[in-house]
6 protein chains.
Amino acid sequence: MKKKLLQTIHTLSSPESYNSVYHQPNHGSPMPSVKEMQEVVSLIREIIFPGYFGLDILQEATISFYTGVTVDKLFTLLTRQIRRGLCFACDTNSAQYACVSCDGKAEEIAVQFIESLPEIRRILSTDIQAAYNGDPAAKSFGEIIFCYPVIKALLNYRVAHQLVQLNVPLIPRIISEMAHSETGIDIHPEATIGEYFTIDHGTGVVIGATSIIGNHVQLYQGVTLGAKNFPLDEQGNPIKGVPRHPIVEDNVVIYSNATILGRITIGKGAIIGGNVWVTNDVPEGGRILQSRPRSDSFEYGGGI
Amino acid sequence: MKKKLLQTIHTLSSPESYNSVYHQPNHGSPMPSVKEMQEVVSLIREIIFPGYFGLDILQEATISFYTGVTVDKLFTLLTRQIRRGLCFACDTNSAQYACVSCDGKAEEIAVQFIESLPEIRRILSTDIQAAYNGDPAAKSFGEIIFCYPVIKALLNYRVAHQLVQLNVPLIPRIISEMAHSETGIDIHPEATIGEYFTIDHGTGVVIGATSIIGNHVQLYQGVTLGAKNFPLDEQGNPIKGVPRHPIVEDNVVIYSNATILGRITIGKGAIIGGNVWVTNDVPEGGRILQSRPRSDSFEYGGGI
Amino acid sequence: MKKKLLQTIHTLSSPESYNSVYHQPNHGSPMPSVKEMQEVVSLIREIIFPGYFGLDILQEATISFYTGVTVDKLFTLLTRQIRRGLCFACDTNSAQYACVSCDGKAEEIAVQFIESLPEIRRILSTDIQAAYNGDPAAKSFGEIIFCYPVIKALLNYRVAHQLVQLNVPLIPRIISEMAHSETGIDIHPEATIGEYFTIDHGTGVVIGATSIIGNHVQLYQGVTLGAKNFPLDEQGNPIKGVPRHPIVEDNVVIYSNATILGRITIGKGAIIGGNVWVTNDVPEGGRILQSRPRSDSFEYGGGI
Amino acid sequence: MKKKLLQTIHTLSSPESYNSVYHQPNHGSPMPSVKEMQEVVSLIREIIFPGYFGLDILQEATISFYTGVTVDKLFTLLTRQIRRGLCFACDTNSAQYACVSCDGKAEEIAVQFIESLPEIRRILSTDIQAAYNGDPAAKSFGEIIFCYPVIKALLNYRVAHQLVQLNVPLIPRIISEMAHSETGIDIHPEATIGEYFTIDHGTGVVIGATSIIGNHVQLYQGVTLGAKNFPLDEQGNPIKGVPRHPIVEDNVVIYSNATILGRITIGKGAIIGGNVWVTNDVPEGGRILQSRPRSDSFEYGGGI
Amino acid sequence: MKKKLLQTIHTLSSPESYNSVYHQPNHGSPMPSVKEMQEVVSLIREIIFPGYFGLDILQEATISFYTGVTVDKLFTLLTRQIRRGLCFACDTNSAQYACVSCDGKAEEIAVQFIESLPEIRRILSTDIQAAYNGDPAAKSFGEIIFCYPVIKALLNYRVAHQLVQLNVPLIPRIISEMAHSETGIDIHPEATIGEYFTIDHGTGVVIGATSIIGNHVQLYQGVTLGAKNFPLDEQGNPIKGVPRHPIVEDNVVIYSNATILGRITIGKGAIIGGNVWVTNDVPEGGRILQSRPRSDSFEYGGGI
Amino acid sequence: MKKKLLQTIHTLSSPESYNSVYHQPNHGSPMPSVKEMQEVVSLIREIIFPGYFGLDILQEATISFYTGVTVDKLFTLLTRQIRRGLCFACDTNSAQYACVSCDGKAEEIAVQFIESLPEIRRILSTDIQAAYNGDPAAKSFGEIIFCYPVIKALLNYRVAHQLVQLNVPLIPRIISEMAHSETGIDIHPEATIGEYFTIDHGTGVVIGATSIIGNHVQLYQGVTLGAKNFPLDEQGNPIKGVPRHPIVEDNVVIYSNATILGRITIGKGAIIGGNVWVTNDVPEGGRILQSRPRSDSFEYGGGI
């Protein structure tokens, strides 16, 4: 029996078995580490919201010490992971030269990213305001920072989006998927989202890569901003980078489980009711509701 | 470059940057700790379902020892977190006196909560029964306790609801959001829910703060019991505490992704089909289905 | 006050309180351990996708060492948990004999399972291909392995399904629920799913126990393949094991939040639009869309 | 270069390299685990001295719960390690039968050992009394339990000695070496030691396997109770089990760094001064001091 | 058999068994925590020797952040442990009032202690200098900070001694015993030790509570500065606090394993050879050596 | 009060306070990590003694997998720490060039070191043999590997000595001090020690940097092979590197607490009794014993 295990180990270790699921970055670099990226995001969260997620007692007199230490740690870890992200996507064969330049590049991007943290904090504070205004059940800003999944999802999105702007490969998607796993909210880091944005409850929300969302927009759980279809190239592979997701203008509200597909525009102040399937433009101030349900006989005995 | 980091640390540490996202409880108290609250919920789960989640071998002869130790630990941690919840929401400026009284208050609430554990266990056992009856795939009660997300969500809900009854601020929302993150089921701790309640699969379910649910109710994944709209005060802020979510009477079944909005009543024994948008009362025994779909031409090339 | 705690401990420790939520496996065996099962799945993931989730640097020269060690650890842990799964479901009273035979049985099943890992890896590589082809936003296979929840969900499903084939009780459901919690994708381990299968985003997807899915099928988030109703026996309990979920043939696409219920057949190449409620067969190449929405007045003031 | 590593791995993995330092217990049993033995000793220490080393707050009302849980955990771990100790020393080739009987034997020994804990606690309390009386710097019994290395060393010795009495191989030596490493006090578990025994400071003390020590004996650091020589067999190997260490009668005091060698007797109430080399009997009440030092010229320039 | 365990648990939980080894601080306070004291000492070590034992990369630009954070953590933990030390030794029965005053007292002592850290660092730097000058094998100050047990022992001693000065009970002895366990050097925190002090190798050194040591003194391993005897009171208990250990003046060197006992004085610049037993004063510049050994026949067959 | 803490932080963070105890390696390199070195030594121990200290069950069929993985991990960690050791001692100011060459150098040394592991294992097996032959209490080789401090100390010594041969700075001393702390045996890594070497019990043994020890030598606890004095240079600093410790020839036995000082020679087969002070050569086969003790009156009342 043991022999069977040794045989299986042998099979699993042969290139013909693992080749299709194995990736060795150029120049023998290590792979990005999901675990270390989780630590990176924790550090950012501690910096942005002092007192909520790190130490449980943080006084004004010591904030600068904690911020200094946390930024220093963040700088080290983030530089390393950006470096690995660059290596993961690297297709240079002429090693040594590129690598030395990548070392510097990773450091530089990390610094630029960290410089954007005050602005990320400012925008997130508008999102908190929007969540508070949009939910009568919210009792304080603190409750929103502690408990509202939208804030977790937007922190990761706004961080990942900034890294996209700085041309970091792969890492932003790892960050957004972390939030997706924790909150059920899936925002592609390449999407463009304005200020005072909120999503109530959030589970099942999808915001595609080429979506553009204005200011003061409110979504509910289960809303999809997706693509209806996409062009294929001659080999039948999807053509990358074509705008294919909706534009949602300022002050729009979209109720739960609505599916909005394609590069259409939902005009300013429009309201989309829940559970609808929308594949056409909606004008400014428009109202869209599902057609009325029927009351039917229905033999029930339980279960899905 | 390093200079830029020091400058950013300086900016992040200045009150004008962090003021809008910082909360210092009165009298220098520490903040509630999400991590410790996770431990609190783990301890409660070990007490309620002996043998499933703590030690992997627990015999009848030793249950009382383990229960004693776990309750003792729970009492310590819960008292501390209740205390912090009270401090978080405290707006008393005249310190010392209030604080001493809060010490005692937190202990007293923790004791009252722990006294309710046998009753919480009893109600949860009706929920397990309901889950078993409602799912032909369920093979034993044990499988339901181990695997069914509804039990995880209802344990947190029933615990959080009890703490709401005891007027503990913030902590109940932290507990319900934990279950939301793990299961995708978002039940507000202020909602009222009867016995023999079950939710199959559960991802995307939302049950709002003023919802009232009877006995023997069954929901499926993606069901929303939400508010359609809510009154604003003169400053345009939502008025808190107004009943705005549905009343769902005994023996109702609601299929997946149905959205039920507003203070309407779904009468006894009604069945609501999936994917419908319901904003009006449904009479006792009523049946509601989505209007029939159309079969249309549809150019497809992939993707959302 | 302390007296009240002692009294509650006493109540919680009495059989009349815990009996309905307590299960002691026959012959004093320990319960399955969810924590150890998580480690089992981590080990399998490290084996299947070398270099992504274990060590962050894994070179071709050392893959066989790491595979050997990881398989050896997997064998130990999996044998133990399979053993516990067998004990959990065991209803033999004549102890000793059965137990010795179960020791051997658990080992044998673990070996058979491990022998199937190369094939599981091969099928998962077709799923990765399908995810890549189905999403213009995907930049590499590596990104899909790192970030796409569908791969996490299918790894757990394909592992759990294999254990179902080997007649292991309970353990497969623990494995599938882990993936459900992390990804919001709930695939019953007894479902039958072909190759080149993908689910985009995935949150809220439910695939019931008797579902049958062909090759090259693509689902989007929120899709339900459920039961419409199920027969009850004379005591009013659901009859287990009756086919009650859909058959989805090759090359079908189902958009987000569609609910497909009952033992119906969705024919080859059919496309089902989002947010529909489908309880009847759809012919080969069929197209189903939600009936057109209405544009209605809608008094809005916020909130769900 | 990498090639050299692979070559070394190959060499290290070949039996001719590892054979002389490898031991595979009969019947494929696992080796004793030093780490788990450390946990075993921690549990015993928590049981013996309630409130000092486990939980930092332990009230009389809950001592029985904590004792119950700790004894239950101890029983599981100790049974397993005793089992492994038996297997380590097992030279039975006829497997299956012996193994089943060893399972029961390990459990039985663990129970017998646990039954001796109250007596071990009682004797240790006499040792604490002796330490307190023997040291003017000691301020309370609590300080002695917390800080005095002799108590750590005697706890391990008295536990290990009890396991020797119960014929457990290897495990007692692992336990005594733990204390040696922590305290510098090396007491062989086969030595015989009376009540009210103390060692001040303790570093460097050695008490050999066949030593016999009476009641109310006090040693200081660096004292050796050793063998002067020992008979060899025909192959030149030492003959095991011959009495070769001193007998120290009641009320003896031995000062620091004294070396007492051979099966000699130090009579009741004798006092041995520091730094002496004693290889002959000392009568009851005897006094032994180093011969007077000389005052000599000594060229010094530092250092050992 | 199990019954025997339950019976033993019962015995161990009865006051007559545990009373002699149990201490419940007044007013239900928790006991000091050895584990937390270890953390306290780690934090102090990180502060005193920046870059050696905390983070492995610490630049001048960030030292102030790390120092700030580490001091803040130290303040919290140390205050708590000092508080517990006070409670451990507290014999006040009139609770509430005393306790509130102890809260403040603990904080105040912690602040005073922290204020002494720069001076402790300065004295330790003289000890490092002495170690370097006294050992030709030492290659750099850094090697001494990293590796020399004397520095570990003196850090703990100088910290513990400062806490003795501030009248903290028990805690100083816990700190000195930690160093004893790690290094084999046992310095009582009440001893008085000057600057530029060093001990080479150190194992087995004992420095008693009333010892007084000048500047530029060097000891080697195994040296004892002990008491020869001590007065007993009428009950036969040792009288506490009587000077009974040696005075060692400036520039003395004492070689390995020398035993110096009683309140004698070793005059300035004296050199004491190894392995001697000294119970009388040694004059300034004196030289003391063991009397010459004899060369004797000695039947050897191995072993101690 | 808080103000005093801020002031102290300021003082501790100013260069005049920390300069004498701070070392920043050239080129901004990190410091060696004691914690990681502990892991390095653990890995080596697992490789040398398969089955004793890593996994608790290691079968012949899988030894090569475990060895491969452990060597691979060792290579990574050891290369990093050697690199840091080189940086710690580096005095090159012309950065970039040296650093690239050091990267390669560290890797090369790590490979050379690993290549010596089979030989280190072989020599250690002779030491185990010597320990077995020298102690009638030893029951098996396995007991010696598990429990005998001499083996722990010699493993570290032989590893550290090999790194000394490869010119690695600082790291060898960190390794030898680890063993000193655990065992009380302090062997300088530059000492030269033959095969079949053993130390019984071991606490307090010191073997200086220029000592030379032959084959089949046996020491007991507390033995010092030290320097009597050493020449100072014109500034009064000790001159490094001068031979100043004893030469101990083959088959010598030295009993406990003997102090042997200076570059003297202990001839073949000599036996040195315990507690002697030896500063002159001892001829081949010589016997040295302490002069006879006196029996004196001695007023005793307890304590050292």
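Our structure is the block above this text.
Residues numbered from 1 in each chain as written. Chains lettered and ligands numbered in written order. Predicted model: local features only at pLDDT ≥ 70, side-chain atom pairs only at ≥ 80, totals over all residues. Heavy atoms only, no water.

**Looking at the overall build of chain A**
Along chain A, the regular secondary structure elements total 9 helices and 14 strands. Each of the three principal axes of chain A carries a C-alpha extent, and together these read 65 × 60 × 45 Å. Residues counted as buried form 64% of the 304 residues belonging to chain A. Considering only contacts in chain A between residues 6 or more positions apart, those separated by 24 or more positions represent 49%. Computed over 24 positive and 30 negative side-chain charges, the separation of the two mean positions in chain A equals 6 Å. (Helix = DSSP H or I, 4+ residues; strand = E, 2+ residues; numbered from the N terminus. Buried < 20%, exposed > 50% of the residue type's maximum accessible area, 1.4 Å probe, protein only. Contact = heavy atoms within 4.5 Å. Lys, Arg positive; Asp, Glu negative; His and termini not counted. Charge placed at Lys NZ, Arg CZ, Asp CG, Glu CD.)

**What to know about the relation of the copies chain E and chain A**
It takes a turn of 180 degrees to lay chain E on chain A, together with a shift of 0.0 Å along the axis; the resulting RMSD is 0.0 Å. What we have between these two chains is a two-fold relation. Relative to the rotation axis, the closest C-alpha in chain E is found at E:Phe65, a distance of 2.2 Å. Mapped onto chain A, 100% of the interface residues of chain E again fall at the interface, so both copies present the same surface. (Least-squares fit on C-alpha atoms with pLDDT ≥ 70 in both.)

**Some thoughts on the interface of chain A and chain C**
Contacts between chain A and chain C engage 78 residues on the former and 80 residues on the latter. Summed over both partners, the interface of chain A with chain C buries about 6,800 Å², with 59% contributed by carbon and sulfur atoms. Looking at the side of chain A facing chain C, the largest losses of area belong to A:Val21, A:Trp277 and A:Leu289, adding up to 11% of the total buried there. There are 21 residue pairs in polar contact (both at pLDDT 80 or more) connecting chain A and chain C. Looking at the side of chain A that touches chain C, the elements that each hand over two or more residues are α1 (2–12), α2 (15–18), α4 (63–88), α9 (171–183), β6 (218–220), β10 (259–261) and β14 (287–288) of chain A. Of all the elements, α1(A) adds the most residues to the side of chain A that touches chain C, at 7 residues. Across the side of chain A that touches chain C, the residue classes break down as 32 nonpolar, 31 polar and 15 charged. (Buried area = accessible area lost by both parts, 1.4 Å probe. Polar contact = N/O pair within 3.5 Å; in protein donor to acceptor, adjacent residues only side chain to side chain. Nonpolar A, V, L, I, M, F, W, Y, C, P; charged D, E, K, R; others polar.)

**Remarks on helix α3 (residues 34–48) of chain E**
All names here are of chain E. Over its 15 residues, α3 extends 21 Å from the first C-alpha to the last, a length consistent with the 21 Å expected when each residue adds 1.5 Å. Within the sequence span of α3, burial applies to Glu36, Met37, Val40, Val41, Leu43, Ile44, Ile47 and Ile48. What you see down the axis of α3 is that its buried residues fit within an arc of 155 degrees, all on one side. (Expected span 1.5 Å × (residues − 1). Arc of directions from axis to C-beta.)

**Points about the interface of chain E and chain A**
With 9 residues of chain E at the contact, the number on the chain A side is 9 residues. Taking both sides of the interface into account, the surface hidden between chain E and chain A amounts to around 840 Å²; carbon and sulfur atoms contribute 69%. Across the chain E-chain A interface, the total number found is 0 salt bridges. Split by residue class, the side of chain E that touches chain A holds 4 nonpolar, 3 polar and 2 charged. (Salt bridge = Lys/Arg side-chain N within 4 Å of Asp/Glu carboxyl O.)

**With respect to the packing of helix α8 (residues 149–165) of chain C against helix α9 (residues 171–183) of chain C**
Residue and element names in this part refer to chain C. Between α8 and α9, the shortest axis-to-axis distance is 8 Å and the interhelical angle comes to 170 degrees. As the angle between them shows, α8 and α9 are arranged roughly antiparallel. From α8, Pro149, Lys152, Ala153, Asn156, Val159, Ala160, Leu163 and Val164 reach across to α9, where they touch Ile171, Pro172, Ile175, Met178, Ala179, Glu182 and Thr183. Of the residues belonging to the contact of α8 with α9, the class tally is 11 nonpolar, 2 polar and 2 charged. (Axes fitted to C-alpha atoms, helices over the stretch in contact; angles between N-to-C directions. Parallel < 35°, antiparallel > 145°, perpendicular 65-115°, else oblique.)

**Focus: the sheet that holds strand β9 (residues 253–254) of chain F**
All names here are of chain F. Pairing within the open sheet is parallel, and its 5 strands lie in the order β3-β6-β9-β12-β14. Because the sheet does not close on itself, it has two edges, and the strands there are β3 (198–200) and β14 (287–288). By the bridge criterion, 3 bridges tie β3 to strand β6 (residues 218–220) in an arrangement that is parallel. Its bridge partner being in β6, Thr198 is matched across the sheet by Gln218. (Pairing = 2+ DSSP bridges.)

**Points about the relation of the copies chain A and chain C**
It takes a turn of 120 degrees to lay chain A on chain C, together with a shift of 0.0 Å along the axis; the resulting RMSD is 0.0 Å. What the superposition gives is, in effect, a three-fold axis relating one chain to the other.

**A word on unusual backbone geometry**
All names here are of chain B. For Tyr196, which is not glycine, the phi torsion reads 50 degrees and is therefore positive. One can find Tyr196 in the loop between β2 (192–193) and β3 (198–200). Backbone geometry at Asn275 places phi at a positive 65 degrees, although glycine is not the residue there. Its location among the elements puts Asn275 in the loop between β12 (271–272) and β13 (277–278).

**Focus: helix α4 (residues 63–88) of chain F**
With 26 residues, α4(F) extends 36 Å from end C-alpha to end C-alpha; this agrees with the ideal 38 Å at 1.5 Å per step. Where burial is concerned, most of α4(F) is hidden: 22 out of the 26 residues are buried.

**As for the arrangement of the chains**
Regarding chain A and chain D, which are not in contact, the minimum distance between any of their C-alpha atoms is 13 Å. The smallest C-alpha distance separating chain C from chain E is 13 Å, and no contact links them.

**A word on the sheet that holds strand β10 (residues 259–261) of chain E**
An order of β1-β4-β7-β10-β13 (chain E) is seen for the 5 strands of this open sheet, with the pairing classed as parallel. Each edge of the open sheet carries a strand with a single partner, namely β1 (186–187) and β13 (277–278) of chain E.

**Observations concerning the packing of aromatic side chains**
The final tally for this structure, using the stated rule, is 48 aromatic pairs over all chains. The interplanar angle of 80 degrees and the centroid separation of 6.0 Å between the aromatic rings of D:Phe53 and D:Phe146 together place this pair among those described as edge-to-face. Taken together, the residues D:Phe53 in the loop between α3 (34–48) and α4 (63–88) and D:Phe146 in helix α7 (residues 141–147) connect sequence positions 93 residues apart. Relative to F:Phe141, the ring of F:Tyr132 lies with its centre 5.3 Å away and its plane at 65 degrees, an arrangement referred to as edge-to-face. Exposure remark for F:Phe141: the relative accessible area of 29% places this residue in the partly exposed category. The ring of A:Tyr132 carries B:Lys240 above its face, with NZ or CZ at 4.2 Å from the centroid. For the cation-ring pair, E:Arg45 lies above E:Phe53, with the distance from its terminal atom to the ring centre recorded as 3.9 Å. (Phe/Tyr/Trp six-rings, centres within 6.5 Å; stacked < 30°, edge-to-face > 60°. Lys NZ or Arg CZ within 6 Å of the ring centre and 35° of its normal.)

**What to know about the nonpolar core**
Ranked by size, the top nonpolar core spans 530 residues in total, and within it A:Phe49, C:Ile207 and F:Phe49 carry the most contacts. Sequence-distant contacts of F:Phe49, that is, excluding residues within four places in its chain, are made with D:Val21, F:Leu124, F:Ile128, F:Ile145, F:Ile151 and F:Leu155. (Core = buried A, V, L, I, M, F, W, Y, C linked by side-chain atoms within 4.5 Å.)

**A few points about the pattern of salt bridges**
Charged atoms that come close allow side chains of opposite charge to pair. Counting across every chain of the model gives 54 salt bridges over all chains. Among the salt bridges present, the one from B:Arg173 reaches A:Glu143, with a minimum N-O distance of 3.2 Å. Note that B:Arg173 is positioned in helix α9 (residues 171–183) and A:Glu143 in helix α7 (residues 141–147), a pairing that runs across two chains. A:Glu143 gets classed as buried once you look at its relative accessible area, which sits at 4%. The shortest N-O distance in the salt bridge between E:Asp72 and F:Lys2 comes to 3.5 Å. A residue pair is termed interchain when its members come from two chains, as with E:Asp72 in helix α4 (residues 63–88) and F:Lys2 in helix α1 (residues 2–12). The exposure class assigned to E:Asp72 is buried, which follows from its relative accessible area of 10%. For F:Lys2, a relative accessible area of 28% puts it in the partly exposed group.

By themselves, these are just geometric observations and shouldn't be taken as functional.
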